Amino acid sequence: MTALLEMRAITKTFPGVKALDTVNLTVREGEIHALVGENGAGKSTLMKVLSGVYPAGTYEGEIHYAGQLAQFTDIADSEKRGVIIIHQELALVPQLSIAENLFLGNERARAGIINWRETNRRTEELLKKVGLSDPPSAKVDKLGVGKQQLVEIAKALSKEVRLLILDEPTAALSESDSQALLDLMLELKEQGVTQIIISHKLNEVRRVADTVTVIRDGSTVSTMDARANPITEDAIVRDMVGRSMADRYPERQRRAGDRLMEVRNWNVFHPLHSDRQVIHDVNLTVRAGEVVGIAGLMGAGRTELAMSIFGRSWGQKITGSVEMKGREVDVSTVPRAIDAGLAYVTEDRKSLGLVLDEPIQTNITMANLAGVSQGGILNDKAETRVAEDYRRQLNIRTPGVFQKVVNLSGGNQQKVVLSKWLFAGPEVLILDEPTRGIDVGAKFEIYGIINELSAQGKGVLMISSEMPELLGMCDRIYVMNEGAFVGELTAGEASQERIMSLIVTD
Amino acid sequence: MALAEQRDEGMAPESRGVMDYLVHNMREYGLLVALILVMVFFQIVTDGTLLRPVNVTNLLLQNSYIVIMALGMLIVIVSGNIDLSVGSVMGFIGALAAVMIVEWGAPTLVTAVACLVAGGIIGGMQGYWIAYWKIPSFIVTLAGMLVFRGASLWLLEGQSLGPFPREFQLIANGFVPDIFPAAWGAGLAELLGVRNVNVLALATGLIAAGLILWMETKSRAQNRAYGMEQEPYSFFLARVGITCLALIFILYKLSTFRGLPNVLITMGVLTIIYAFFTARTTTGRRIYALGGNEKAAKLSGIRTERLTFLAFVNMGVLAAAAGMVFAARLNSATPKAGFALELDVIAAVFIGGASMSGGVGKIVGAVVGAFLMGVLNNGMSIMGIGIDYQQVIKGLVLLAAVIFDVYNKSRQA
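The rules we used
- Residues numbered from 1 in each chain as written.
- Chains lettered and ligands numbered in written order.
- Predicted model: local features only at pLDDT ≥ 70, side-chain atom pairs only at ≥ 80, totals over all residues.
- Heavy atoms only, no water.
- Pairing = 2+ DSSP bridges.
- Helix = DSSP H or I, 4+ residues; strand = E, 2+ residues; numbered from the N terminus.
- Domains from an automatic or database assignment.
- Buried area = accessible area lost by both parts, 1.4 Å probe.
- Salt bridge = Lys/Arg side-chain N within 4 Å of Asp/Glu carboxyl O.
- Polar contact = N/O pair within 3.5 Å; in protein donor to acceptor, adjacent residues only side chain to side chain.
- Nonpolar A, V, L, I, M, F, W, Y, C, P; charged D, E, K, R; others polar.
- Contact = heavy atoms within 4.5 Å.
- Buried < 20%, exposed > 50% of the residue type's maximum accessible area, 1.4 Å probe, protein only.
- Expected span 1.5 Å × (residues − 1).
- Arc of directions from axis to C-beta.
- Axes fitted to C-alpha atoms, helices over the stretch in contact; angles between N-to-C directions.

> Hey, could you go over the pairing of strand 24 (residues 484-490) of chain A for me, with residue numbers and the actual values?
Residue and element names in this part refer to chain A. As defined by bridge partners, strand 23 (residues 476-481) adjoins strand 24 across 6 bridges and the pair is classed as antiparallel. By the bridge assignment, N481 is partnered in strand 24 with A484. Connecting the antiparallel pair strand 23 and strand 24 is a turn made up of 2 residues, with E482 showing a positive phi of about 45°.

Okay, structure coming up:
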């Protein structure tokens, strides 16, 4: 078999970060090629380079596609050559029908007038190919996620696809839908469609992939041929996580005190689909001075768990109890959760954590205005004093606390969010991806702040997709998968291999 | 990210030039300058009619209900919503007042309280759907606009209703009696070479100017102490100086006519209360947070639904107050009262610098915006420009103000 695609020494640099470092990827004609790696390893970036999202010239290295040097200028350009990418978040218009979605931007029309007969006939053909029996006029939002995924594939097929890229196609699918999708992939392979699949689910990778390439920290680690000898999940996991844990985490005295927070039998359903249970019977404990981690892949339900505990900010039909220092507390609204001693530092600081157009000091006092006011009247001086205190303590780099937070770098913005919650005086802080999108230096500072908090006897519950971070910071780690805790490891027991194997063998 | 940080660190607040400051604060000065330019322009083309005492008095009375409603509208818009129903609600409350007083013979005080409560209830009814059912405020208040327009027609049976007793008329047309001895006024009048001087009005102007001077100086000192971005001293002097002089000038003009209109006191007191409320209270702060980023506000423990609800209740109460002022001024309630007035109010708020997307805007801006529109209306009427051109010009002014905003923002970025 000849190579359909060869990506040679691809290097992609973002300001301050090397996202891809001389990556090589060879995909043979007619195979299914799996791309695996941790969150943030660079898989999606690589696919964006391939599909022209990052156009030729913005990266170094060469892409050879179908025997030619390819220099795609945008997605439309790569699609014209038969390279089609299906993103994790589906790109369908929910209010339109299947047929309308399939030919969106590519309508079967003459002089701007749509030929519905032709459209529907083609749609039926395509739907048959992907094994869907719904009528072309069915609205997409009436279909389940699994079927929507198939519609996406049908849409790709309508464009004469030669290389189909699927970015975590089964992440949101149920078991049976996943199986159907994998079967379809194998069938498309029979028809000669070359495919690249990005997936975290190693059993699925093993089932469909002919070749597996592991990417880690922006570089290719290994490429394994499944046809030569069967690939074991162990081998993949080893390559995925096998990096040395450098001294990136400040030392901390580990001593856990009394039980601070206890969550019992926590169950949560999806806010829109009341029959879909997202969190299953979670029990967790955080002790005073303890840093507890929650590990898991994206979509495991970690953020949903945290937000549902914090004032029922996510989900519905929530059941279970929360105890603080042995007494059951009411956390049914955010103000009550704050009163009970909780704080939640969101993973999405720009849209959920900050008012970007307001100054630093306004953001810092937002969750505890009572602390800088008397009888509902703000004390400007006290407010500025508080903000200045946190600026010093957390080393927020800014000319002054009157600066709008939109002007700050990611790390400094995160420190503002942390300041806000520290000023609210919580007992337990839930930190959701506290170091996402910030540079190494600021990360180290944030770790220092976390250690300081635990030294003060606060409890910290830390959600992170970066396993080294959890291993470096936590006293105990819960492993979460598909909405349930599938394991609990102490700092001594935990390793990336153990966590990953708990997730993938669940 | 790293780049932005470096730039910020290198940019100490002192090192900014005067020009740089002007670019960043163009909006506030622009509004003040625009108001002055418009007034000077009309003063010249109307041969001094604009600033005659009687016209100044008129200008204040004519715009009082717009200003009163702009206070509430600013809060609604800062919270990220809009209220299209205020004109209709204003008309409805005027009709209610007329029915109560003229037909039922209810006392003025009882009527006033009942009208304010009714306004609050109307605001609450609309706010309920907006806050707790998340129905867009545009739709809910559009419905309210139609409903209350119809309700006033029904209440008045299509007829005008009046006149009001003298007590009620005083709300809009009364003047505060001079508490100083008449001899003082007469003496001053002779000194200044005018017919008469209302000492109270003049004293109010001087005291208000003094207060502004004192407060501005204090806050400047405080800002300096906390290293906040400093307004260049020349700007500070010009801004405060012009504001104070204008205030004294306006009140001097009033003092040579009939003194302080009651409605000016109402307007002034309400403006001060709302300016304080938005800038200095926790609830005011929370409204800005709600409009700036509702999700972040909610996750910070702010009861966003309740705040939205209350913003509309407040708007209803102010629309009711404006409705009474309007009815009292005309001395009758008419089914057409308040027609299309919501647009003037909304325009005033946007001209005053509020942002359509919420979270940005100041009370003083809204009030100045209302007067800018008022001066345009008044000046053009004196010049005898037809209502057709007036509408076109007002529309263009609104558009220009918003374009100016957007342009300014993109220049800063």
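> I'd like a rundown of the domain arrangement of chain A, residues and numbers included.
Many analyses report the size of an interface as the accessible area lost when the parts associate. All names here are of chain A. Once the domains are mapped, chain A shows domain 1 (3-241), domain 2 (247-341 + 426-506) and domain 3 (356-424). Once you take the C-alpha centre of each, domain 1 and domain 2 turn out to be 33 Å apart. Both sides of the domain 1 and domain 2 interface together cover about 1000 Å² of buried area, and 59% of this is carbon and sulfur. Connecting domain 1 to domain 2 are 0 salt bridges. Scanning the region where domain 1 abuts domain 2 turns up 0 residue pairs in polar contact (both at pLDDT 80 or more). No other element matches helix 8 (residues 233-241), which puts 4 residues into the side of domain 1 that touches domain 2. For the side of domain 1 that touches domain 2, the per-class residue count stands at 4 nonpolar, 2 polar and 3 charged.

> Which residues make up the interface of chain A and chain B, and what values go with them?
The partner chain B presents 32 residues to the 39 residues of chain A that form the contact. Contact between chain A and chain B buries roughly 3100 Å² in total, counting both sides, with carbon and sulfur atoms accounting for 59%. Put simply, chain A and chain B have 2 salt bridges between them. Here E383(A) ties to R285(B) by a salt bridge, and the two come within 2.5 Å at their closest N and O atoms. Here chain A is connected to chain B by 7 residue pairs in polar contact (both at pLDDT 80 or more).

> Outline unusual backbone geometry, listing residues and values.
Cis geometry is found at the peptide bond from G162(B) to P163(B), where omega equals -10°. Its location among the elements puts P163(B) in the loop between helix 7 (137-156) and helix 8 (166-173). Here T22(A), not a glycine, exhibits a phi torsion of approximately 40°, which is positive. Along the polypeptide, T22(A) turns up in strand 2 (residues 17-28). On the basis of relative accessible area, T22(A) is assigned to the partly exposed category, the value being 44%. For E157(B), which is not glycine, the phi dihedral falls at a positive 50°. Within the element layout of this structure, E157(B) appears in the loop between helix 7 and helix 8.

> Outline helix 6 (residues 175-190) of chain A, listing residues and values.
All names here are of chain A. Compared with an ideal rise of 1.5 Å per residue, which puts 16 residues at 22 Å, helix 6 spans 23 Å between its outermost C-alpha atoms and is within 8% of the ideal. All of the buried residues along helix 6 are S178, L181, L182, L184, M185 and L188. With its buried residues spanning 155° around the axis, helix 6 presents them on a single face. Exposed side of helix 6, more than 90 degrees from the buried face: E175, S176 and E190 are the residues found there. Residues of helix 6 that are buried sit in contact with strand 3 (32-36), helix 4 (116-129), helix 5 (145-157), strand 9 (163-167), strand 10 (194-198) and helix 7 (202-208).

> I'd like a description of the sheet that holds strand 18 (residues 342-345) of chain A, backed by residues and values.
All names here are of chain A. One open sheet holds the 6 strands; their spatial order is 18-21-22-15-23-24, and the pairing between them is mixed. Two strands close off the open sheet at either side, each with one partner strand: strand 18 and strand 24. With direction set aside, neighbouring strand axes in the sheet form an average angle of 20°. Pairing of strand 21 (residues 428-432) with strand 22 (residues 459-463) involves 5 bridges; the strand directions are parallel. Bridge pairing in strand 22 links L429 to V460. Along the sheet, helix 9 (residues 302-309) makes contact with strand 15 (291-295), strand 18, strand 21, strand 22, strand 23 and strand 24, crossing strand 18 at roughly 145°. Helix 17 (residues 496-504) contacts strand 15, strand 23 and strand 24 of the sheet and is inclined by roughly 25° relative to strand 23.

> Can you tell me about helix 3 (residues 26-45) of chain B, naming the residues and giving the values?
In an α-helix, one full turn covers 3.6 residues, which means residues spaced three or four apart are oriented alike. Residues and elements named next belong to chain B. The terminal C-alpha atoms of helix 3, which comprises 20 residues, lie 27 Å apart, in line with the 28 Å expected from a rise of 1.5 Å per residue. What helix 3 keeps buried is the set R27, Y29, L31, L35, V38, M39 and F42. Count one or two residues on from helix 3 and you reach D47, which has phi positive near 55°.

> Can you tell me about the packing of helix 12 (residues 262-280) of chain B against helix 17 (residues 363-383) of chain B, naming the residues and giving the values?
All names here are of chain B. Relative to each other, helix 12 and helix 17 sit at 145°, their axes nearing to 9 Å. Where helix 12 approaches helix 17, its residues M267, T271, Y274, A275 and T278 are matched on the opposing element by I363, V367 and F371. Class assignment for the residues of the contact of helix 12 with helix 17 results in 6 nonpolar, 2 polar and no charged.

> Explain the sheet that holds strand 6 (residues 83-86) of chain A residue by residue, including any values.
Residues and elements named next belong to chain A. One open sheet holds the 6 strands; their spatial order is 6-9-10-3-11-12, and the pairing between them is mixed. Each having just a single partner strand, strand 6 and strand 12 (219-225) make up the two edges of the open sheet. On average, each strand axis in the sheet is inclined to that of its neighbour by 20°, with strand direction left out of account. Where strand 6 and strand 9 come together, 4 bridges link them in parallel fashion.

> I'd love a proper account of the pattern of salt bridges, names of residues and values included.
All names here are of chain A. Under the definition given, this model contains 34 salt bridges over all chains. E488 is paired through a salt bridge with R476; the nearest N and O atoms lie 2.8 Å apart. Of the two residues, E488 is situated in strand 24 and R476 in strand 23; the sequence distance between them amounts to 12 residues. Taking the relative accessible area as the measure of exposure, R476 reaches 10% and is therefore buried. Each of R28, E31, D225 and R227 takes part in one network of salt bridges that share partners.

> Can you break down the environment of G185(B) residue by residue, with the values?
Residues and elements named next belong to chain B. Within the secondary structure, G185 sits in helix 9 (residues 182-192). Considered as a pair, G185 and R195 are 10 residues apart in the sequence and their alpha carbons are 9.7 Å apart. Non-local contacts of G185, meaning those with residues more than four positions away in its chain, are made with V197 and V199.

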